[in-house]
Amino acid sequence: MSGYRPNDDAGAGLLFLREEQIRLAQTMMLLAGRDMAEAMEPILAEQSLGRAHYRVLQVLAFSPGLSVSRLQEILGVTKQSLGRTLGELNERGYLESESCMRDRRQRLLRLSKEGQSVEACLFAVVRHRLVAAYREAGGAAVEGFRRVMWGMLSESSRTLVAEDAAGRKKGRHGS
């Protein structure tokens, strides 16, 4: 059988900085993202939602109470594109908003019960795939994966992850 196998060649792990290994990692990340998106496609289609809707649901699930401008920054999309997506999610009753205490003009977004339910169905697909992969890889590999992913994050993304972790510790996310 051809293709990548984690333990194919003795000592291959020592050569992880070679270009072919970096290209393999790049290809695997691309394919993993594509495969994950394809796995969610039936649920998105059933809900008449697209990947942009899912990204908004995902971000608001792990970081409720974001302003529209912060959500736009996190997603890296145009105001117009985000506005369309938010409008559609709002029409479906998937979003709630409240005024910011510091600036009443700012709206803070969170998922409604309906939005949480749809996001939970989509996350179940992600959870299933990650749990299977984590079990196959083992704890040390999972920790290594997290370290690699952390190393790839920009400073602003690291801040977002750290803020989310702090919010979870305080019980902000209802976990």
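Source: prediction; values computed, not measured.

So, how was this worked out
- Residues numbered from 1 in each chain as written.
- Predicted model: local features only at pLDDT ≥ 70, side-chain atom pairs only at ≥ 80, totals over all residues.
- Heavy atoms only, no water.
- Axes fitted to C-alpha atoms, helices over the stretch in contact; angles between N-to-C directions.
- Helix = DSSP H or I, 4+ residues; strand = E, 2+ residues; numbered from the N terminus.
- Parallel < 35°, antiparallel > 145°, perpendicular 65-115°, else oblique.
- Contact = heavy atoms within 4.5 Å.
- Nonpolar A, V, L, I, M, F, W, Y, C, P; charged D, E, K, R; others polar.
- Salt bridge = Lys/Arg side-chain N within 4 Å of Asp/Glu carboxyl O.
- Buried < 20%, exposed > 50% of the residue type's maximum accessible area, 1.4 Å probe, protein only.
- Expected span 1.5 Å × (residues − 1).
- Pairing = 2+ DSSP bridges.

Regarding the packing of helix H2 (residues 51-62) against helix H5 (residues 113-137)
Right, on to step 1. Closest axis-to-axis distance for the H2/H5 pair is 10 Å, and the angle between their directions is 95°. The pairing of H2 with H5 is recorded here as roughly perpendicular in orientation. From H2, Tyr54, Leu57, Gln58 and Ala61 reach across to H5, where they touch Gly115, Val118, Glu119, Leu122 and Val126.
Right, on to step 2. Per-class residue counts for the contact of H2 with H5 are 6 nonpolar, 2 polar and 1 charged.

Observations regarding the pattern of salt bridges
Any two side chains of opposite charge can pair, so long as their charged atoms come close to each other.
Right, on to step 1. Taken as a whole and assessed by the stated rule, the structure comprises 8 salt bridges.
Right, on to step 2. In this structure, glutamate 38 and arginine 34 form a salt bridge, with 3.8 Å as the shortest nitrogen-oxygen distance. Of the two residues, glutamate 38 and arginine 34 both sit in helix H1 (residues 19-46), 4 residues apart, roughly one turn of that helix.
Right, on to step 3. Exposure remark for glutamate 38: the relative accessible area of 44% places this residue in the partly exposed category.
Right, on to step 4. Arginine 34 gets classed as partly exposed once you look at its relative accessible area, which sits at 41%.
Right, on to step 5. By sharing partners, the salt bridges in this structure join Arg34, Asp35 and Glu38 into a single network.

Concerning H2
Right, on to step 1. When the terminal C-alpha atoms of H2 are compared, their 17 Å separation across 12 residues agrees well with the 16 Å that a helix rising 1.5 Å per residue should span.
Right, on to step 2. Among all positions of H2, only His53, Tyr54, Val56, Leu57, Val59 and Leu60 are buried.

Topic: the pairing of strand E3 (residues 107-111)
Regular strands place side chains that alternate from one sheet face to the opposite one.
Right, on to step 1. Pairing between strand E1 (residues 66-67) and E3: 2 bridges, direction antiparallel. Within the sheet, the bridge partner assigned to serine 67 lies in E3 and is leucine 108.
Right, on to step 2. Pairing between strand E2 (residues 95-99) and E3: 5 bridges, direction antiparallel. From the neighbouring strand, glutamate 98 faces E3, where its bridge partner is leucine 108.

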